[in-house]
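Observations on chain architecture
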Amino acid sequence: LSKKTYDHGKAFDWFLNSGDGKLLPYTDEILDAFTMEIEERKPDILIIPGDLTCNGEKESHLEMAEKLGKIEKLGVQVFVIPGNHDIKNPWARNYSGDEMIKIDSITEEEFAEIYSSFGYKEAISRDKYSLSYLATPCEDIWLLMLDTAKYKRNHLRTGPDMSGEISEKTFDWIRECAKLAKENKAQIIAVMHHSLLDHNEVINENYTIENSQKIIDLFISCDIQVVLSGHIHLQDIKYLEKNNKKIYDIATSCLVAYPNQYGVLKYIPDKGFNYFTRKVDVYAWVWENNIHDVNLNNFNKYSKEFFRKRTYDKYYDSLLEISKFSDEEMKAISKTISELNIKYF
């Protein structure tokens with residue numbers, strides 16, 4: 001979230017405290033710490049499966065592209081796709097004093113233009129019906145970057161469409177990509193914002209892609225075994241076995257929310273993939289840059305407590321609306337839920 005879109009007045013304070021625990025005032029600092037880590041660890045590729053901005057603010061997109069440009073200058077190939085927050089978002093706002101002022105989000109054409117250097121320019125194939133593309137960062141691993149966000153009718157809505165889909169019009173293009181990869185003896189990793197499989201028995205509506213069963217069948221027929229997704233903010237791996245074939249959906253965390261981690265995927269030829277997570281080392285960046293900010297100097301504790309308080313307040317307010325419990329009961333329930341939420345994430 002661009003710092004140009006807010007001051008620290010009442011409007012932004014309300015927005016921050018009604019959110020889901022993202023550390024919005026520190027997105028720059030977390031990304032800069034992450035970039036320093038990238039410089040040290042020297043990965044080949046950085047993949048971001050959507051939601052590059054808070055609510056699709058143009059200023060946020062332009063600054064994000066600038067940060068990704070610095071990462072590419074380190075010799076890292078960057079590939080992005082949009083998420084449900086990124087395009088034609090009716091929630092795009094400036095927060096000034098007590099006021100929330102509606103501002104423009106960006107169109108799908110502007111998204112492809114702003115992020116042209118991060119996948120779109122290098123794509124060997126583009127889908128006609130979406131912002132999906134096929135990239136070949138190396139000979140034996142190709143990336144099928146799938147646009148699953150539903151933003152076409154967002155201008156008619158009061159909020160962005162949270163759900164996701166892959167139009168059946170795109171299926172033939174996916175088959176062509178898979179055929180091309182097979183001819184070149186390359187393995188495809190699919191990347192999309194929405195989950196392919198349910199990562200939670202209760203919370204999956206609008207998180208798992210709408211036509212998931214058809215997409216699973218399509219992916220299996222195309223020999224796609226690994227899918228990277230985002231959206232649900234949960235770090236989790238689910239797999240499904242069908243016709244003696246397995247397909248894995250790896251859901252990755254939200255970098256700017258507790259526990260502020262990212263996934264590392266290593267490909268070992270003739271063996272397969274190794275996946276693990278790392279927390280962003282904000283302390284190292286703070287130390288290196290001699291930053292004096294009490295929250296950043298106690299980052300892990302601050303991030304956890306911020307996340308805990310957001311959950312507690314959200315549940316307390318919901319229980320208050322129900323008007324069924326005493327204050328003591330509401331506090332006990334909210335405290336329990338906030339502890340569960342921290343352990344869950």
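None of the values given here were measured: they were computed from a predicted structure. Along each chain, residues carry numbers from 1 onward, in the same order as the chain's sequence is written. Where local features are concerned, this predicted model is filtered to residues with pLDDT of at least 70; where side-chain atom pairs are given and counted, the filter is 80 or more; whole-chain, interface and lining totals use all residues. Values reported for side chains reflect all heavy atoms of the structure, with hydrogen atoms and water molecules removed beforehand.

1. Looking at the overall build of the protein
- Of the regular secondary structure elements, the protein holds eleven helices and 13 strands.
- Along the three orthogonal principal directions, the C-alpha set of the protein runs to about 65 × 50 × 40 Å.
- Summary of the burial criterion: residues with accessible area below 20% of their type's maximum are buried, those above 50% are exposed, and those between are partly exposed, where the area comes from a 1.4 Å probe applied to protein chains only. Taken over 345 residues, the protein has a buried fraction of 50%.
- What sets the accessible areas is the Shrake-Rupley method with a 1.4 Å probe; for residues, cover comes only from the shown protein chains. Of the roughly 17,800 Å² of accessible surface on the protein, a fraction of 50% belongs to carbon and sulfur atoms.
- Neither His nor the chain ends is counted toward charge; the positive residues are Lys and Arg and the negative residues Asp and Glu. Positions of charges follow a simple convention, taking NZ of Lys, CZ of Arg, CG of Asp or CD of Glu. Placing the 44 positive and 56 negative side-chain charges of the protein at their respective mean positions leaves the two points 2 Å apart. Only DSSP runs of H or I reaching four residues or more are called helices, and only runs of E reaching two or more are called strands; each is numbered from the N terminus.

2. Digging into the environment of Tyr-239
- Looking at where Tyr-239 falls in the secondary structure, it is placed in strand 10 (residues 236–242).
- It is 22 Å that separates the C-alpha atoms of Tyr-239 and Lys-343, two residues lying 104 residues apart in sequence.
- For Tyr-239, the contacting residues outside a window of four places in its chain are Leu-197, Lys-246, Ile-247 and Tyr-248. In what follows, residue pairs with any heavy atoms lying within 4.5 Å of each other are defined as contacts.

3. Description of the pairing of strand 10
- Any two strands with at least two DSSP-identified bridges between them are counted as paired. Where strand 10 lies against strand 11 (residues 245–251), seven bridges are found, and the strand directions are antiparallel. In the strand pairing of strand 11, Asp-236 is matched with Ala-251.
- The hairpin formed by strand 10 and strand 11 contains two residues between the paired strands, and Asn-243 there has a positive phi angle of roughly 55°.

4. A closer look at the state of the cysteines
- The disulfide criterion used throughout: a pair of cysteine sulfur atoms within 2.5 Å. Summed over all chains, the structure comprises zero disulfides.
- No disulfide involves Cys-54; its nearest neighbouring cysteine sulfur is the one of Cys-254, lying 9.9 Å away.
- Considering cysteine sulfurs only, Cys-177 is the nearest to Cys-222, which forms no disulfide, with 8.9 Å between them.
- Looking at Cys-222, the relative accessible area reads 12%, which means it is buried.

5. Points about the pattern of salt bridges
- Salt bridges are defined by distance alone: a side-chain nitrogen of Lys or Arg within 4 Å of a carboxyl oxygen of Asp or Glu. Within the structure shown, the criterion is met by 20 salt bridges.
- Connected via shared salt-bridge partners are Asp-28, Asp-32 and Lys-67.

6. With respect to the sheet that holds strand 6 (residues 133–135)
- Ordered by their spatial adjacency, seven strands build an open sheet running 5-6-7-8-9-11-10, and the pairing between neighbours is mixed. The outermost strands of the open sheet, each flanked by one partner alone, are strand 5 (125–126) and strand 10.
- The sheet contact formed by strand 8 (residues 187–192) and strand 9 (residues 226–229) spans three bridges and is parallel. Bridged to Ala-190 within strand 9 is Val-227.
- Axis definition: a line fit to C-alpha positions, over the contact stretch in the case of helices; interaxial angles, taken between N-to-C directions, run 0 to 180 degrees. Those strands touched by helix 6 (residues 171–183) are strand 5, strand 6, strand 7 (141–146) and strand 8, and its axis lies near 175° from that of strand 7.
- Contacting strand 7, strand 8, strand 9, strand 10 and strand 11, helix 7 (residues 212–221) crosses the sheet at an angle of about 70° to strand 10.

7. Concerning helix 3 (residues 58–72)
- For helix 3, built from 15 residues, the straight-helix expectation of 21 Å at 1.5 Å per residue is met to within 8% by its first-to-last C-alpha distance of 21 Å.
- If you follow the buried residues of helix 3, they end up packed against helix 2 (27–41), strand 1 (45–49), strand 2 (77–81), helix 4 (108–114) and helix 5 (116–120). Take the residue count of a helix, subtract one, and multiply by 1.5 Å to get its expected span.

8. Remarks on the packing of helix 10 (residues 299–322) against helix 11 (residues 327–344)
- Put simply, helix 10 and helix 11 touch, their axes get as near as 8 Å, and they point 140° apart. The angle between helix 10 and helix 11 places the two elements in the oblique class. In this structure, helix 10 crosses over helix 11, and the sense of that crossing is right-handed. Across from Lys-304, Phe-307, Arg-308, Thr-311, Tyr-312, Tyr-315, Tyr-316, Leu-319 and Leu-320 in helix 10, the residues of helix 11 making contact are Asp-327, Met-330, Lys-331, Ile-333, Ser-334, Lys-335, Ile-337, Ser-338, Glu-339, Asn-341 and Ile-342.
- Here the residues of the contact of helix 10 with helix 11 sort into ten nonpolar, four polar and six charged. Here is the rule for angles: anything less than 35 degrees is roughly parallel, anything more than 145 is roughly antiparallel, 65 through 115 is roughly perpendicular, and the remaining ranges are oblique. The handedness criterion is simple: a crossing whose near helix is rotated anticlockwise from the far helix by less than a right angle is left-handed, and one whose near helix is rotated clockwise is right-handed. Gly is placed with the polar residues, together with every amino acid not listed as nonpolar (Ala, Val, Leu, Ile, Met, Phe, Trp, Tyr, Cys and Pro) or charged (Asp, Glu, Lys and Arg).

9. Here we look at unusual backbone geometry
- That bond from Tyr-258 to Pro-259 is cis: its omega, 5°, falls within 30 degrees of zero.
- Structurally, Pro-259 can be placed in the loop between strand 11 and strand 12 (261–268).
- Its identity is not glycine, yet Asp-223 carries a phi of approximately 60°, on the positive side.
- Of the residues examined, Asp-223 reaches a relative accessible area of 39% and is grouped as partly exposed.

10. Concerning the packing of aromatic side chains
- Pairing of aromatic rings covers Phe, Tyr and Trp, the last through its six-membered ring, and needs centres within 6.5 Å; plane angles under 30 degrees mean stacked, over 60 mean edge-to-face, and all others mean tilted. Inspection of every chain in the model, using the stated rule, returns 17 aromatic pairs.
- Ring geometry for Tyr-6 versus Phe-12: centroids 4.0 Å apart, planes at 10°, classification stacked.
- An aromatic cluster of three or more residues is present, and its members are Phe-111, Tyr-115, Phe-118, Tyr-120 and Tyr-133.
- Only when the NZ atom of a Lys or the CZ atom of an Arg is both within 6 Å of the ring centre and within 35 degrees of the ring normal do we say a charge sits over the ring. Sitting above the plane of the Phe-306 ring, Arg-310 keeps its charged end 4.6 Å from the centroid.

11. Some thoughts on the layout of surface pockets
- When its volume is computed, the second largest pocket comes out at roughly 330 Å³.
- In this analysis the probe radius is 1.4 Å and the grid spacing 1 Å, with only protein atoms considered; a cavity is a set of points the probe fits into but cannot get out of, a pocket is an open set with protein on both sides within 12 Å along at least five of seven lines, and lining residues have an atom within 4 Å of a point. Forming the walls of the second largest pocket are 18 residues, and the residues nearest its centre are Tyr-129, Ala-149, Lys-150, Lys-152 and Glu-165. Grid points are joined across faces, edges and corners, and a volume is the space filled by probe spheres set on the points.

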